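# Chains, contacts and geometry: an overview
As a plain string of letters, each chain reads:
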Amino acid sequence: MQSKILSTLLCLSLVASCAFADTTNGDNANARTSQTSTQAKQNNAQNSGLNLADGGGALTNLPDSETIKTYELGAVEITAKDAVDANPSVITINSKSIADKNANNVADAVRMVAGVLMHEATGQRGEPSVYIRGFSNTQSGLYLDGIPMMSIYDRQTDYGQYITQGISSIQISKGFVSPVYGMNTLGGAINLVSSKPQKEFEFSLGAKYLSGDEIRSALSVGTNQGLYYFGADVSYTDRLSYPLSNRYSGTTAQPKGSALNSYYTNQTIKLKAGIQPNENHEYSLNFINQKGRKGGLLSSGGGNWWEWPHYDKNTIYLLGNSYFTPDLSLNTRLYYDTFDNELNMYGRATNGQKPTTALSASSISIYDDDTLGAILTLAYDIYEGANVKVGANLKKDHHFEKDGVGVKGADLSELTTSIFAQYAQRISNFRFVIAGSYDRLDSLNVSVISNGAENTDKTKIKGDFSLQGIFYYDISERQNVHLSVGKKENMPSLKDRYSSKWGDYATNSNLKPESALNYELGYDLNLAKTAVNVAVFYNDMTDMFYDELIFENRCTNYASAGSGRNAKPANACYQRVNADKGYTYGGEVSVEQGFFDGNALVLGANYSYIQQKAQGVAVDSLGRTKITDYPNHIFNAKVAVKPSPKLEFIGFSTLESARYYTSSTGGYVKNNNYFTLDLSANYEFDKNFVVSAGVLNFTDRDNYTNSNLPSTAFHYAGRRYVVGFDYKY
């Protein structure tokens, strides 16, 4: 029944949008023209200024061709300063900041943002991860033009597969999050806003080479003819390996030199076709094809040799914005997404060598997933100082898993529904936004095969309400304070409920959603050359997900002891359960200052503190409850010097405190702190051609994670050199 409702809404939204496109009168068009122009100017002003929570966003005032490239159809959060429902707590990373960091993917791009931890590619999965205020990427959302990009089965999205080519800006929401995103934004949301062609003809070409035999190349073409526009972006990244630090002593399992099995390839094609019949209506059809392959990394203590020969994703989506009257509009997002993933598990590596044993059928895991969804938002401006939005976010997910000869392992499908409303109002210098939603998850089909037995237990999750409020007070035109309070939920993923994790876990189809009551108090100052952002926050967690050790014969490997850190003992199983409660709290401070004409010198820094703990459940008999593998302190700094209009030097630095890990003898152990320094130089031969050179991890620091000992840890890349060019026409 709900699947039929989803299909019906898709059709009705298309019919309504197209029907009104030809009937809107000229007066409405004139009204919309003024509104659009004003918002564009406000967005341009924001993007061309300092953005310090990003460790310094724009180092110089960008030319108009750069600042207006943000794609309004792709943005979810309103950031225009004078809009009644604007959210100034959102961090916007523009294309200049992305380029300055040599950021080839989203994970690299969001590094340096206050409150965000970018965990470099590591572990058997060989992929980077992103945390927002202590919440992992399974508790936060990744979106492209507002379309969810999270992996269907486990939400353990590989941020390294999302290339920044064709991205005009990145919006990061922390604390208060727009209800348009839907559920599962407990930590926040990251939205990649694509580029829209601005000129009659656009062309760009770029390439970079990094030591370790990594090549990055990108090509873009586009045209905007007023009534219609087209754009295409093609990128290709190929890495043979990455070099380890010269300070790494090496082991038999992972010798000195290059990281074993650290190859990585990504090819991404993005196509965009849009029409804008008048100022009241704009629609675009977008298609993205991602093809990837990669190797899973090995620790210095050894590990299993994993390879992904296929890591492919296709997404087609329609964006639309229709103004039926000057005050009434409908924003439409319709999408269909497929994900094909093959994992080859060769077994444990011997002395750093790939096993030669032939793959068995059970050593090959193939995912064939698809998603159909719609996000509809109806907005009405009640009067100049108040508006209301209502809408629905519907998504049907299907996950199919099989082995190397096609034998089914799992066939799961579910429907998530979020019905939301938002009200915003301004009263003099005071402004507030109240948002609420009704969220539910319905299992449509469950078939999981384990040891020849089929599990068909459907999840029984009742719908629940989320409610958020954020209140602003404008001290002056350039500074404000805000207070937000909100309750949000994170639904358990299919993996959380149905995965046995290679036989070590007992499944739990009745796992409840985890929720957080979030409080945040913040202050923002934005002057021509100075920016200061301060925020403190507290999250009161309920039913948070936790892995509990149970001494019951409910998993395949019950009698066997595992190996490695946090491995289970014999005669026991792990199970994903709900902890009674937990909390996280912390604060963020960002400061940036420009000096001299054109901000020839910019100094910026931010500091983040996070503390988190679970209560009411023990990991094991030792009663350990502290959440591990996350630094309590993160410090980012940036210096940009422009001695001439054509030459620019940039330095980025990150320092993270030591991370704690559980000890097999009880209590905790910790590793060394993390430090990296990246330097780069850009020279502009003319306004269209720029060459660059730089050094990543300049000090060649041997950073490592997942262990307190370098002899059993995963080690990050050492010093790397990068050279490249960018040409734009």
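Residues numbered from 1 in each chain as written. Predicted model: local features only at pLDDT ≥ 70, side-chain atom pairs only at ≥ 80, totals over all residues. Heavy atoms only, no water.

## Observations regarding the pairing of strand β16 (residues 386-402)
Residues in a regular strand project their side chains so that they alternate between the two faces of the sheet. As defined by bridge partners, strand β15 (residues 364-383) adjoins β16 across 17 bridges and the pair is classed as antiparallel. Residue pairing across strands places Y380 opposite V388, the latter belonging to β16. Between the antiparallel neighbours β15 and β16 lie 2 residues. Two strands pair when backbone bridges link them, and β16 and strand β17 (residues 408-427) are joined in this way by 17 bridges, in the antiparallel orientation. Across the sheet, residue G391 finds its bridge partner in β17, namely F420. In textbook terms, the turn of a hairpin is the stretch between consecutive antiparallel strands, and for β16 and β17 this stretch comprises 5 residues, one of which, G406, has a positive phi near 90°. (Pairing = 2+ DSSP bridges. Helix = DSSP H or I, 4+ residues; strand = E, 2+ residues; numbered from the N terminus.)

## Let's talk about the sheet that holds strand β4 (residues 141-144)
Taken in spatial order, the 5 strands of this open sheet run β1-β6-β7-β4-β5, and their pairing is mixed. Each edge of the sheet is formed by a strand with only one pairing partner; in this case those strands are β1 (91-94) and β5 (147-148). Where β4 lies against β5, 2 bridges are found, and the strand directions are antiparallel. Bridged to L144 within β5 is I147.

## Some words on the state of the cysteines
Taken as a whole and assessed by the stated rule, the structure comprises 1 disulfide. There is a disulfide in this structure between C555 and C573, and the S-S distance comes to 2.1 Å. Taking the torsion about the S-S bond as the criterion, the C555 to C573 disulfide, at about -90°, is left-handed. Residue C555 is located in the loop between β25 (545-550) and β26 (573-578), and its partner C573 is located in strand β26; the two are separated by 18 residues in the primary sequence. The same class applies to C555 and to C573, which are both buried. (Disulfide = S-S within 2.5 Å. Buried < 20%, exposed > 50% of the residue type's maximum accessible area, 1.4 Å probe, protein only.)

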